[in-house]
Amino acid sequence: MSTTPESISPDASNPASIIGTATPRIDGPVKTTGVAEYSADFHFDRMVHAVPVTATIARGRITKLDASAAEQMPGVLLVLHHGNIGPLYRTVPGDDNATNSEVRSAFEDETVRHWGQYVAVAVAESLEQATAAAAAVKVEYEKEPAHLGARLDDFKGEPKVVSNRGDVAKAFDSAPVKVDATFVTPNETHNPIELHASVAVWEGDRITMYETSQGVVNHRAVMAQTLGLPLENVRVVTRFLGSGFGGKLFPWPHAAMAAVAARKLDRPVKLSLTRSMMFSCVGYRPRTEQHIQLGASKEGKLLALRHAYINVTSQLDDFEEGCGEATPYLYSVANLEVTGGIVRRHMGAPMYMRGPGAVPGLYALEAGMNELADELKMDPLQLRLLNDAEKDESNKNIPFSSRHLRECYEVGAKKFGWEKRTAGIGSMRRDGKILGWGLAGASWVALRLPCTATVEFCANGRLCVRCGTQDIGTGTYTIFAQVLHEKTGVPLDRIDVILGDSSLPDGPMSGGSMVTGSVLNAIASGAEKAIKRLQQVATSTAGSPYHEAKEETISFTGGRLHRKDQPATDGTHFGDILQLAKLNGVSAEGKTQPSWEDPKAKGVSLHSYGAQFVEVEWEPEIARMRVSRVVTVIDAGRIINPKAAANQISGAVVMGVGMALLEETIYDERSGQPINGSMADYLMATCADSPAMDVTFLNYPDPAMGEYGARGVGEIGLAGVAPAITAAVYHATGVRVRELPVRIEDLLKSKILEA
Ligand code: MOS
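Residues numbered from 1 in each chain as written. Predicted model: local features only at pLDDT ≥ 70, side-chain atom pairs only at ≥ 80, totals over all residues. Heavy atoms only, no water.

Some words on the side chain of Asp 668
When you line up the elements, Asp 668 lands in the loop between helix H16 (642-661) and strand S28 (692-697). Given the relative accessible area of 17%, Asp 668 is considered buried. Not counting chain neighbours up to four residues away, the residues in contact with Asp 668 comprise Leu 148, Gln 673 and Ile 675. (Helix = DSSP H or I, 4+ residues; strand = E, 2+ residues; numbered from the N terminus. Buried < 20%, exposed > 50% of the residue type's maximum accessible area, 1.4 Å probe, protein only. Contact = heavy atoms within 4.5 Å.)

Re the sheet that holds strand S6 (residues 118-124)
Strand order across the open sheet formed by seven strands is S4-S6-S2-S13-S10-S11-S12, with mixed pairing between neighbours. Whereas interior strands pair on both sides, the edge strands pair on one side only; in this sheet they are strand S4 (76-81) and strand S12 (234-237). Direction aside, neighbouring strands of the sheet carry axes that sit 20° apart on average. Pairing geometry for strand S10 (residues 197-203) and strand S13 (residues 269-272), over four bridges, is antiparallel. Pairing of Ala 200 across the sheet is with Val 269, part of S13. Those strands touched by helix H3 (residues 127-136) are strand S2 (48-54), S4 and S6, and its axis lies near 25° from that of S2. Contacting strand S11 (206-211) and S12, helix H5 (residues 216-227) crosses the sheet at an angle of about 140° to S12. (Pairing = 2+ DSSP bridges. Axes fitted to C-alpha atoms, helices over the stretch in contact; angles between N-to-C directions.)

Details of the pairing of S13
Judged from the three bridges that link them, S2 and S13 form a sheet pairing that is parallel. Looking across to S13, one finds that Val 48 is bridged to Val 269.

Considering the pairing of strand S20 (residues 463-466)
Where strand S19 (residues 451-458) lies against S20, four bridges are found, and the strand directions are antiparallel. Considered in S20, the bridge of Val 455 is made with Val 465. Connecting the antiparallel pair S19 and S20 is a turn made up of four residues, with Gly 461 showing a positive phi of about 85°. In this structure, S20 lies alongside strand S21 (residues 495-498), joined through four bridges in parallel fashion. Residue pairing in the sheet places Val 465 in a bridge with Val 497 of S21. The parallel pair S20 and S21, bridged by helix H12 (residues 476-488), forms a crossover whose chirality is right-handed. (Right-handed = clockwise from strand over helix to strand, strands pointing away.)

Observations concerning the sheet that holds strand S25 (residues 585-592)
Strand order in the open sheet made by the four strands is S21-S20-S19-S25, with mixed pairing throughout. Every interior strand has two partners, whereas the edge strands, S21 and S25, have only one. The sheet shows a mean angle of 15° between the axes of neighbouring strands, taken without regard to direction. In this fold H12 packs onto S19, S20 and S21, with an angle of close to 140° to the strand it touches most, S21. Each of S19, S20 and S25 is contacted by helix H13 (residues 515-540), which is oriented at about 145° to S25, the strand it contacts most.

Right, here's the structure in full:
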């Protein structure tokens, strides 16, 4: 059960404000009735189907690729591979507007660098024919010994220094109380409900790609570079997404495969991955090994903090997991060093996954802090409060824009009942079960990306907004409508939100929890400017009740223009004014200034914070561990839609249960094949694993985030869940697990044998 606040302190100066009011998704009806078109739902006349052929070795060379049998099969039109795909290009390194997932383009060479790498694609009239043809492509390989070892013990070279201050070695050596431990997170696979898919449609030398993309604007730029086309010849459409978790941030090679096949055949091509391909072709959260050293005084004051992490990456991609993201600013500590490094395996390219860097990084740091509290025989809550940072010590001691981590802990402790905790292992019981309680802190970066949105008042009485961002499923459509309703009074059902098309004005990617904070100001300013245009039309149109009135005497309330001295209900609806003026509509463009150009955001440290309180129930007789209750308090600036925001946090908490207890992609170390690469075998938290959840938002507007002060909530709810769970597991069982996920095999080591 999750608590969704109905309303969070709506704007006091505007009692009708929809900002901060729980608002159901405006796209709910089209989704629940099946009308919403996801990318793989697009169908076109003469459309054909493409099915990839994937490598069955982890490392080697293709010595022979024989497509002749496949090409003779019924309905088969084409088999593409290294020998015939023609030129595909890499994207320009360092071009932030064209970020790609993999360095190498599809079929670029005949070298195999991971199991599941695309080696060919079969195209046929039907999906069944293409599937059969793909299976009939004969590929011979010269195998080479692959490096697949899970343990990342072969890092060579100098680790990259991410952050440092003071003299950490000296401070750690002389600290009276220490924790020195290594924490491991495994490879995890993004499992959005919607499979990755591409539908490519050419018209002459222009292509429209219906894509599963978290960033249509970036996707267009990558495809233009990959295909060697001018940017204006590429259009990318993603009307709806069945989530992505980061796996759909940037294009993967299958998109270019579909595009080339469609061009060669002069027919629309649909390519949808299978679930099993998604375990090897479209990224994963890479395994991390993180060495944490904490030194403290006997009173619990942190003296030294060292965080050295390694993550796995592919042969060609320098993917850094960034586990040190939150470490440098979370605590006050004079001596700190954070370093990172990568090691290569014969695996596909990793990709950002919900809360990349900070989530696995905070798992290690917060698990370390919980161990330190145990070493000190101190309440882990007191340890956090004692070491809370007043300013960002990692960055010239700049102030935090808005940090209420202490309040998150205090509110959460109260709601959870933390003061009733007894410290002894296995000392808390309820209903014949052992209880374990744990907590941890959470943090996530905030940033405002540039955004342009066009707002149009239409003569048919509707209000329309257009923006080249997309809704990953979190409620972005609804946020647009809320801001427009707040600015204009036009009811939600007369507002059309048009997103998910790269031909719209450039909008931000659905990543980093940044969309909400990035789009709000553009929508608001577009609406304000469009209202000005309406006022100009009203005063300049012959026959208008406001003809030749001074613009400043005309107000706009509830969709009506009216004189300031006149009640709004006696005014004239904007649609009538536009019709009088013989205009189809008036529109205006609003822009969001990115935070790096905003003087209010420049000299401050911009992050969200949170606290997670977890209860587990342990039944030693049957080795059953269940997360029973989670209290989460989030400080993410002002909350625009508490309903959608609470959904994000509770969904992330459930994902955190999976991270702590279930999720891990396991590879066969001989072949590199994921051996649990299916929804049946890859364990994820389901409804039955979901705890009772209580989500609270502090709702302090962040002055560095513009008019609305919102920082975004997509990722922070996952941070801190896993270390709070492992602390609760230790409290219940006495078993210290430092490698996720916690397994039954770990729990069987518990010496507490009955409840
Ligand atoms: Mo998120 S991992 O930035 O989609």
